[in-house]
Every structure is written in C-alpha cells, then in structure tokens.
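Observations on the three-dimensional arrangement
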Amino acid sequence: MESWLKLSHSQLSPRKQHRLLEVFGEPDAVLNATTEALAEVGGITEADVARLRAVNRTVDVAAEQEKLTAAGAEATTIRDATYPRPLRNIADPPVVLYVRGQWRDSDERSVALVGTRRPSNYGRVIAEDIGAALAQRGIAVVSGMAAGVDTAAHRGALGASGRTIAVFGCGIDVIYPRENRSLARDIAASGALLSEYPCGVQPDPWRFPARNRLISGLTMGTVVIEAPENSG
C-alpha cells in the first residue's frame, strides 16, 4: 500500500497514473523507474517525473496512515476486491480511493440526486422526499454532501433509515461545508464517504466537476433537482 499512497500524492491525473501502471506494472516500479524510462511513456512530462521523484522522497507513509486512522478512513486500490465495481468502468477511475464507512456491493443499486447549493424551498423539499422514497425501496442515494440539494437528499435517505453515499471533492478528512460535520458522521455510520484525494486536500473549485464523474459512475442514473444553466 505504501507505493500506492505515494502515487496518489503525485498530483498526476488518473489517466497518467493508469498509463504508468500499464507500462511498469506496479506503483513501486513506477516510483523507482529511471528518468529515461519514464520519459518514454507517452504524455509524461518533465514536471510529472519531478513530482514522482518528490513524492517518493518526501511522502511520510506512516504519517499518512495515521491521518487516515484519525479520520476513521482507509485506502483501497483499483486492484482490491473492496474497490467499488462500477468505478472500474468509468473513464479515468481513481487509482486509489479513500473510504470512510463501508461501500457494499448492494450500493450498486443506487441513484444520484444532485443540484444547486441554493435551491428553492420546493427544491429542497423535493430532494429530501425523493431521497427518502428511494431509500425506502432499498436504493442507495449518492450525492456530494454540498449545501442545498445534496444535503437534503442525504438527509432524506437517512431519515428513511436507508443507505446514502457522499463523494467528496476534497480529502476524506476535510469536511466541506463545515456545517455538515454531523451529517458526515451520520453518513459514515450507515453508508460511506468516498474521495479520490489524499488527506488534507482542500476543496478547490476545479475538483468538483472531476468529482462528478464518480457520482455518475457509481449510480444507475442521475436526478438533477434544481440547477442553474452553468451548473457543474
């Protein structure tokens, strides 16, 4: 797991990480490959090589494991049986996924409920009602734990004693928004929190559109409750 965690910290895109694994086989071989060998891999730049060298030298794996333990989370790799099967079929799946709570095979029977952070009162009520209705039928509700529609959808599923999954656009130990800390605890207790980002990664705006591919990839379908024209 040590070399997987280092690769996860490299800031290389999932596509580049997969390309390197296809060539070298194992993350340890990637991290210890010569500069010449890495440069021969299509799409790998000098900056990418420098990042790989840096993480191999500087990432304290023991400290990262302690952070995961403190967050009540663990890491799973795309080669592990615990990795969510639906994600294997999306474009550029995460090489490493961080999980707090438990993903179950039954969660493949799921629907994403998403929408604006500033819904109307009607939108908020509908998100919670649909979340509850799905949960009552044994369908897991997947969303992003953002304010507004996402929060209402999660709460609807929890209120119906159902399964709900939150996919983060930040590190698994970074609760965003902060006011959803208790919601995160409730979701982890009866469902799962998922992130492709290592501990400490902050919720930069560009990470949320990337996060959305995981939400759609985990689910049978997506319901958009309310969203402005330029919404992610």
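Below, the structure is looked at part by part. (Residues numbered from 1 in each chain as written. Predicted model: local features only at pLDDT ≥ 70, side-chain atom pairs only at ≥ 80, totals over all residues. Heavy atoms only, no water.)

This part takes up the pairing of strand β1 (residues 73–77). Counting buried positions along β1 yields four of five residues, so the element is predominantly enclosed. Judged from the five bridges that link them, β1 and strand β2 (residues 96–101) form a sheet pairing that is antiparallel. Directly across from Glu-74, in β2, lies its bridge partner Val-99. (Buried < 20%, exposed > 50% of the residue type's maximum accessible area, 1.4 Å probe, protein only. Helix = DSSP H or I, 4+ residues; strand = E, 2+ residues; numbered from the N terminus. Pairing = 2+ DSSP bridges.)

Turning our attention to the pattern of salt bridges. As enumerated under the stated definition, the model contains nine salt bridges in all. A cluster of three or more residues bridged by salt bridges with shared partners is formed by Lys-16, Asp-48 and Arg-51. (Salt bridge = Lys/Arg side-chain N within 4 Å of Asp/Glu carboxyl O.)

What follows is about the pairing of strand β5 (residues 164–167). Of the two faces of β5, the one holding Thr-164 and Ala-166 and the one holding Ile-165 and Val-167 are both buried throughout. Pairing of strand β4 (residues 140–143) with β5 involves three bridges; the strand directions are parallel. Looking at the pairing, Val-142 lines up with Ile-165 of β5. At this point the chain moves from β4, through helix α8 (residues 149–159), to the parallel β5, and the crossover so formed is right-handed. Looking at chain direction, β5 and strand β6 (residues 192–195) are connected through three bridges and run parallel. Its bridge partner being in β6, Ile-165 is matched across the sheet by Ala-192. Between β5 and its parallel partner β6, the chain crosses via helix α9 (residues 181–190), and the hand of that crossover is right-handed. (Right-handed = clockwise from strand over helix to strand, strands pointing away.)

All right, on to helix α6 (residues 61–70) then. Along an α-helix, a turn takes 3.6 residues, which lines up residues three or four apart on a common side. Along α6, the residues that are buried comprise Val-61, Glu-64 and Leu-68. The arc that holds the buried residues of α6, viewed along the axis, is 60 degrees, so those residues lie on one side. In α6, the exposed positions angled more than 90 degrees off the buried face are occupied by Glu-66, Thr-69 and Ala-70. Packing partners of the buried residues in α6 comprise α1 (2–8), β1 and β2. Capping the start of α6, Asp-60 holds a side-chain oxygen 3.2 Å from the backbone nitrogen of Ala-62, two or three residues further along. Gly-72 sits one or two positions beyond α6 and adopts a positive phi of about 70 degrees. (Arc of directions from axis to C-beta. Contact = heavy atoms within 4.5 Å. Polar contact = N/O pair within 3.5 Å; in protein donor to acceptor, adjacent residues only side chain to side chain.)

This part covers the nonpolar core. Soluble globular proteins tend to pack their nonpolar side chains together in the buried interior. Core analysis: the largest hydrophobic core is formed by 37 residues, its most contacted members being Leu-20, Leu-52, Met-145, Phe-168, Ile-172 and Leu-193. Of all the elements in the fold, those that place two or more residues in this core are α1, α2 (14–24), α3 (27–31), α5 (46–58), α6, β1, β2 and α9. For this core, the element with the highest residue contribution is α9, accounting for four residues. Once residues within four sequence positions are removed from consideration, Leu-20 is found in contact with Leu-12, Gly-25, Val-30, Leu-38, Val-41, Ile-44 and Leu-52. The next biggest cluster of nonpolar side chains, apart from the first, holds 17 residues, and it includes Val-114, Ile-165, Ala-192 and Leu-194. (Core = buried A, V, L, I, M, F, W, Y, C linked by side-chain atoms within 4.5 Å.)

Counting across every chain of the model gives one aromatic pair. Ring plane angle 45 degrees and centroid distance 5.9 Å describe the contact between Tyr-176 and Phe-208, whose orientation is recorded as tilted. Of this pair, Tyr-176 sits in the loop between β5 and α9 while Phe-208 sits in helix α10 (residues 207–218); the two residues are 32 residues apart in sequence, bridging distant segments of the chain. A relative accessible area of 36% places Tyr-176 in the partly exposed class. Against the face of Phe-208 rests Arg-117, its NZ or CZ located 5.3 Å from the ring centre. The residue whose ring lies beneath Arg-207 is Tyr-197, and the NZ or CZ to ring-centre distance is 4.8 Å. (Phe/Tyr/Trp six-rings, centres within 6.5 Å; stacked < 30°, edge-to-face > 60°. Lys NZ or Arg CZ within 6 Å of the ring centre and 35° of its normal.)

Here we take up the packing of helix α7 (residues 121–136) against α8. What describes two packed helices is the angle between their axes and the distance between those same axes. Viewed as axis vectors pointing N to C, α7 and α8 meet at an angle of 35 degrees, and their least axial separation amounts to 7 Å. Along this stretch, α7 crosses α8, giving a crossing that reads as right-handed. Residues Arg-124, Ala-127, Glu-128, Gly-131, Ala-132 and Ala-135 of α7 lie in contact with α8, whose contacting residues are Val-149, Ala-152, Ala-153, Gly-156 and Ala-157. Residues of the contact of α7 with α8, tallied by class, amount to seven nonpolar, two polar and two charged. (Axes fitted to C-alpha atoms, helices over the stretch in contact; angles between N-to-C directions. Left-handed = near helix turned anticlockwise from the far one by under 90°. Nonpolar A, V, L, I, M, F, W, Y, C, P; charged D, E, K, R; others polar.)

On to the environment of Asp-60, then. Position of Asp-60 relative to the elements: it lies in the loop between α5 and α6. The partly exposed category is assigned to Asp-60, whose relative accessible area is 46%. Spatially, the C-alpha atoms of Asp-60 and Lys-6 are 8.6 Å apart, while their sequence positions differ by 54 residues. A polar side-chain atom of Asp-60 sits 3.2 Å from the main-chain amide nitrogen of Ala-62.

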